[in-house]
Amino acid sequence: MKAVLPVSVVIAAIVVLWYGAAVWMNAAWVRDQAARAGETPGFAQIVPQTLNQERPVLPAPHQVVSELWKGVAGQAVTSKRSLVYHGWITLSATLLGFVIGTGAGILLAIGIVHNRAMDLSVMPWAIASQTIPILAIAPMIIVVLNSVGVTGLVPKAIISAYLSFFPVVVGMVKGLRAPDAMQLDLLRTYGASQRQTFAKLRMPASVPYLFASLKVGVAAALVGAVVGELPTGAVAGLGARLLSGSYYGQTVQIWAALFAAALLAASLVALIGLAERLTLRRMGMGR
Amino acid sequence: MKDTARLAEPAIEARSLGLTFQTADGPVHALRDVTLTIGRGDFVSFIGPSGCGKTTFLRSVAALEHPTEGSLTVNGMAPDAARLARAFGYVFQAAGLYPWRTIAGNIRLPLEIMGFSRAEQDERVARVLELVELGGFGTKFPWQLSGGMQQRASIARALAFDADILLMDEPFGALDEIVRDRLNEELLNLWSRTGKTIGFVTHSIPEAVYLSTRIVVMSPRPGRITDVIDSPLPRERPLDIRDTPEFLAVSQRVRDGLRAGHSYDV
Ligand SMILES: Nc1ncnc2c1ncn2[C@@H]1O[C@H](COP(=O)(O)OP(=O)(O)O)[C@@H](O)[C@H]1O
Ligand SMILES: [Mg+2]
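Here's a quick rundown of the structure. Each chain carries its own residue numbering, running from 1 in the written order of its sequence. Ligands are numbered from 1 and chains lettered from A, in the order in which they are written. Note on the predicted model: pLDDT of at least 70 is required for a residue's local features to be given, and 80 or more for side-chain atom pairs to be given and counted; whole-chain, interface and lining totals, by contrast, use all residues.

## Considering the overall build of chain A
Here a strand is any run of E in DSSP of at least two residues, a helix any run of H or I of at least four, and the numbering for each starts at the N terminus. A tally of regular secondary structure across chain A gives 11 helices and zero strands. Starting at the N terminus and ending at the C terminus, chain A contains elements arranged as α-α-α-α-α-α-α-α-α-α-α. Relative to its length of 287 residues, chain A is extended, with a C-alpha radius of gyration of 24 Å against a globular reference of 19 Å. A principal-axis box enclosing the C-alpha atoms of chain A has dimensions of 90 × 55 × 35 Å. Around each residue's C-beta, the other C-beta atoms within 10 Å are counted; 20 or more make the residue buried, 12 or fewer make it exposed, and counts in between make it partly exposed. All C-beta atoms are placed from the backbone. Within chain A, the proportion of its 287 residues that are buried is 33%. C-beta atoms are first placed from the backbone for all residues, and any pair lying within 7 Å is then listed as a contact. Across chain A, contacts joining residues at least 24 apart in sequence account for 75% of those joining residues at least 6 apart. Here the globule rule reads 2.2 Å times residues to the power 0.38, and the radius of gyration is calculated from C-alpha atoms.

## Focus: the pairing of strand 9 (residues 224-230) of chain B
With six bridges joining them, strand 8 (residues 214-219) of chain B and strand 9 of chain B adopt antiparallel strand pairing. Its bridge partner lying in strand 9 of chain B, B:R214 is registered against B:D230. A pair of strands is treated as paired once DSSP finds two or more bridges between them.

## Examining the environment of B:G115
All names here are of chain B. Structurally, G115 can be placed in the loop between helix 4 (103-114) and helix 5 (118-131). Looking at G115, the number of C-beta atoms within 10 Å reads 8, which means it is exposed. For the pair G115 and K196, spaced 81 residues apart in sequence, the C-alpha separation works out to 23 Å.

## Here we look at the interface of chain A and chain B
With 15 residues of chain A at the contact, the number on the chain B side is 17 residues. Elements supplying a minimum of two residues to the side of chain A that touches chain B: helix 8 (181-189) and helix 9 (194-229) of chain A. With six residues, helix 8 of chain A is the single largest residue contributor to the side of chain A that touches chain B. Side-chain classes are defined by residue name, with Ala, Val, Leu, Ile, Met, Phe, Trp, Tyr, Cys and Pro counting as nonpolar, Asp, Glu, Lys and Arg as charged, and the others, Gly among them, as polar. Here the residues of the side of chain A that touches chain B are counted per class, giving seven nonpolar, five polar and three charged.

Right, dumping it as structure tokens:
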């Protein structure tokens with residue numbers, strides 16, 4: 001609760017700066033219009049006109065908020081204009097991709113920790129996979145999958161998985177290797193099998209690392225889903241809203257979609273944070 | 001008949017034991033020509049400057065290292081076989097309790113791995129908790145306990161599966177003097193009640209003399225034994241035994257042994 005004051009100060013500062021920037025960036029258009037009409041408006045006349053344009057260079061905060069509100073509450077959720085509808089399309093691909101990516105990441109990490117050949121071979125590929133810009137590879141994945149008849153949710157989920165498996169691999173490898181030599185030696189004196197060492201020591205020790213990775217991973221998965229909606233000329237999803245917004249110069253729509261995506265990501269991360277706290281408390285590690 | 005044979009058999013027997021680590025900087029002779037017999041029920045301390053192979057010896061007994069020369073038996077078996085027979089429990093300097101398990105859960109760990117039934121686990125956990133005076137702390141998590149209590153829990157964990165040899169590598173090294181005195185007293189108590197054989201590594205001369213029936217003095221490069229002292233002190237030892245002439249005499253002999261070992265270096 002002590003955080004309320006500093007947080008609201010920061011938010012207020014951002015809003016003020018944003019309004020300032022909106023006035024400054026949108027003023028050119030107002031002056032243009034006025035010049036065409038042979039007028040030279042003063043500052044007081046320019047300002048109101050910069051904040052309510054149809055296609056501003058930078059929409060003002062209240063425009064974005066009202067567009068968001070219209071998109072969320074002002075439509076039936078099944079409407080093509082509803083942000084809930086588009087958000088759900090993106091969310092479902094995000095979640096599917098996140099589950100696939102997390103599963104793959106955990107399995108790879110288990111392999112890497114237990115098998116020297118995998119340790120040497122998989123990690124460089126995993127790192128290499130992340131150095132390829134997702135914008136370059138996403139269209140290829142979509143097109144290839146489309147050509148074999150896989151369309152809709154799955155190709156987007158695969159791009160999500162592609163982005164989200166990496167933080168999970170890295171975090172889980174670190175987590176599964178977190179137990180020190182002494183703890184491993186102790187289990188050796190009990191004659192513990194590799195399976196028992198995994199179940200009783202490595203896995204529980206990796207839980208805090210897993211949650212840290214999941215937070216990064218779920219945000220990455222959302223980015224993947226949005227990017228996956230761009231190349232198809234997308235008809236639905238937050239990515240599609242971004243794309244159609246930019247086709248028609250609907251900057252307010254673009255910004256509303258961006259904020260919707262950001263809010264979605266923040267909620268997903270917050271949910272994982274909640275699961276983290278509950279799990280660690282249950283394990284006796286939450287303090 | 002079989003039982004008397006077992007009684008006569010030493011708990012740990014090392015003959016001309018040697019262990020050389022091959023490192024990037026060449027071979028390190030962690031142990032050379034170590035010959036030592038530890039009888040059943042003995043309390044044997046290993047003392048010497050760091051790097052003299054105390055840990056390496058204890059780890060060899062526990063089959064965590066494999067000697068390169070000589071022979072080593074534990075309860076008449078090779079160390080690997082002795083481990084399978086649950087001959088020893090090992091206590092490290094750090095308690096190493098799992099933060100996600102309660103104290104009882106931590107003590108249960110070896111029992112789960114060894115496949116004891118749930119009922120037997122409960123019974124044993126309760127028994128060893130009493131033994132280390134932690135009855136009532138079973139449901140606490142490790143962070144709720146002091147360092148000394150955590151180390152007691154780790155001793156309980158080593159006792160839970162009824163190994164008759166307890167190997168302890170500087171178990172109280174990280175604790176303060178007062179806690180240490182108390183735990184030393186408790187450990188002697190536990191030893192006399194259970195009749196375990198204890199191998200105990202320490203840096204402290206008073207600790208070694210206070211606890212042990214035999215003191216093994218070691219020196220480094222190569223790690224070897226320079227003196228083995230059979231303590232003349234009675235098995236029953238109140239803390240103030242440390243002010244008796246016998247105690248001081250043994251301490252002096254240990255000190256001399258350590259100094260003699262050092263003179264090789266200079
Ligand atoms: N795994 C290892 N690899 C290489 N050298 C080691 C290893 N373990 C111990 N040593 C070396 O063996 C010697 C004895 O070590 P140690 O038994 O730990 O001594 P102490 O416990 O008496 O301090 C030291 O010189 C140490 O550096
Ligand atoms: Mg040591």
